[in-house]
Amino acid sequence: MATSSNVAPHLEREIEGRISKAFARHEYPALRKIRVAVHEGHIVLSGCVCTFHEKQLATRCAQREAGNMEIRNKIDVPSPTPR
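In this text, all values refer to a predicted model and were calculated from it rather than measured experimentally.

Cut-offs used in this document
Residues numbered from 1 in each chain as written. Predicted model: local features only at pLDDT ≥ 70, side-chain atom pairs only at ≥ 80, totals over all residues. Heavy atoms only, no water. Axes fitted to C-alpha atoms, helices over the stretch in contact; angles between N-to-C directions. Helix = DSSP H or I, 4+ residues; strand = E, 2+ residues; numbered from the N terminus. Parallel < 35°, antiparallel > 145°, perpendicular 65-115°, else oblique. Left-handed = near helix turned anticlockwise from the far one by under 90°. Contact = heavy atoms within 4.5 Å. Nonpolar A, V, L, I, M, F, W, Y, C, P; charged D, E, K, R; others polar. Expected span 1.5 Å × (residues − 1). Buried < 20%, exposed > 50% of the residue type's maximum accessible area, 1.4 Å probe, protein only. Arc of directions from axis to C-beta.

(A) Quick look at the packing of helix α1 (residues 9–25) against helix α2 (residues 52–66). For the pair α1 and α2, the least separation of the axes is 9 Å and the interaxial angle reads 135°. Classified by the interaxial angle, the pair formed by α1 and α2 is oblique. The hand of the α1/α2 crossing is right-handed. Where α1 approaches α2, its residues Arg-18, Ile-19, Ala-22, Phe-23 and Arg-25 are matched on the opposing element by Ala-58, Cys-61, Ala-62, Glu-65 and Ala-66. Class assignment of the residues belonging to the contact of α1 with α2 gives a composition of seven nonpolar, no polar and three charged.

(B) Region of interest: α1. The first and last C-alpha atoms of α1 sit 25 Å apart over 17 residues, in line with the 24 Å expected at 1.5 Å per residue. Turning to α1, its buried residues are Glu-12, Ile-15, Ile-19, Ala-22 and Phe-23. Buried residues in α1, looked at end-on, bunch into an arc of 100°, giving them a common side. Those residues of α1 that are exposed and angled more than 90 degrees off the buried face are Pro-9, Arg-13, Lys-21 and Arg-25. Looking at the buried residues of α1, the elements they touch are β1 (35–39), β2 (42–48) and α2.

Shape descriptors only; they carry no functional weight alone.
Here it is as C-alpha cells:
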C-alpha cells in the first residue's frame, strides 16, 4: 500500500477525526474504544477487541476514511481462556 509521509499536521488530525467518528458510529461497540493516531503518513490503530473479526473490521473501516495511507493495526485480540 502506498504511503504519503508528507501529510500536513492539520490533515493528520482531520483523518484521525474521520476515522474516530466512523468507529463511533459503528454497530460493533468494541470499535468505539479503538485509539487512532496519524503520524508521518501512517495510521496506527491500537486498543483491544474481543474477536479477530472486529480487528479486521477496524482496518477496513479505517481504510475507507484514509484513502491510500498505510494502516498499522496494533489492536490486540486476547487469546481465549481455556475452560
